[in-house]
Amino acid sequence: QVQLQESGPGLVKPSQTLSLTCTVSGGSITTDSYYWSWIRQPPGKGLEWMGAIAYSGNTYYKPSLKSRISISRVTSKNQFTLQLTSVTPEDTAVYYCARDRRVIINSFQDGSWGQGTQVTVSS
């Protein structure tokens, strides 16, 4: 069964770049026809789909984040990554990676999810 694991720093300073990696096992990130997404959940709020990279390598981003977000992949390591620049305390959240055949994932009932990792933006 496919497994996803988020990793990266748990604390980032304002104005810096948030960088996370999702390591996938039990399935290839290049296999038709899956999409690989980053989703976050700020404290006390709902899930926010941030963006995704398709099995083809095409990327899709939430418009409000488009100027700051970049999703890429390292196929040799079966990993995909998230970079979010110019972070503020509003970016504090639990960050998840997930896989589904649908490009937008906004429910835990959709697809397969990692366990999530807490990222705090603070000086």
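For the structure, check the block above.
Here the structure is a predicted model, which means the values were calculated and not measured.

Chemist: How would you sum up the side chain of Thr-81? Please name residues and give values.
Modeler: Assignment of secondary structure puts Thr-81 in strand β8 (residues 79–84). Take Thr-81: its relative accessible area is 15%, and that puts it in the buried class. There is a polar contact of 2.8 Å between the side chain of Thr-81 and the side chain of Ser-72. Sequence-distant contacts of Thr-81, that is, excluding residues within four places in its chain, are made with Leu-20, Thr-21, Trp-38, Ser-70, Ile-71 and Ser-72.

Chemist: I'd like a description of the state of the cysteines, backed by residues and values.
Modeler: In total, this model carries 1 disulfide according to the counting rule given. Disulfide pairing places Cys-22 opposite Cys-97 at an S-S distance of 2.1 Å. Between Cys-22 and Cys-97, the S-S torsion sits near 65°, and that sign places the bridge as right-handed. Of this pair, Cys-22 sits in strand β3 (residues 18–25) while Cys-97 sits in strand β9 (residues 93–100), and the two are 75 residues apart along the sequence.

Chemist: Quick rundown of the sheet that holds strand β1 (residues 3–7)? Include the residues and the values.
Modeler: What the 4 strands build is an open sheet, ordered β1-β3-β8-β7; its pairing is antiparallel. Looking at the sheet topology across the chains shown, the edges are occupied by β1 and β7 (69–74). When the angles between neighbouring strand axes are averaged without regard to direction, this sheet yields 20°. Direction of pairing for β7 relative to β8: antiparallel, over a ladder of 6 bridges. What sits directly across from Ile-71, in β8, is Leu-82.

So, how was this worked out
Residues numbered from 1 in each chain as written. Predicted model: local features only at pLDDT ≥ 70, side-chain atom pairs only at ≥ 80, totals over all residues. Heavy atoms only, no water. Helix = DSSP H or I, 4+ residues; strand = E, 2+ residues; numbered from the N terminus. Buried < 20%, exposed > 50% of the residue type's maximum accessible area, 1.4 Å probe, protein only. Polar contact = N/O pair within 3.5 Å; in protein donor to acceptor, adjacent residues only side chain to side chain. Contact = heavy atoms within 4.5 Å. Disulfide = S-S within 2.5 Å. Pairing = 2+ DSSP bridges. Axes fitted to C-alpha atoms, helices over the stretch in contact; angles between N-to-C directions.

Function cannot be read off these values alone, since they describe shape.
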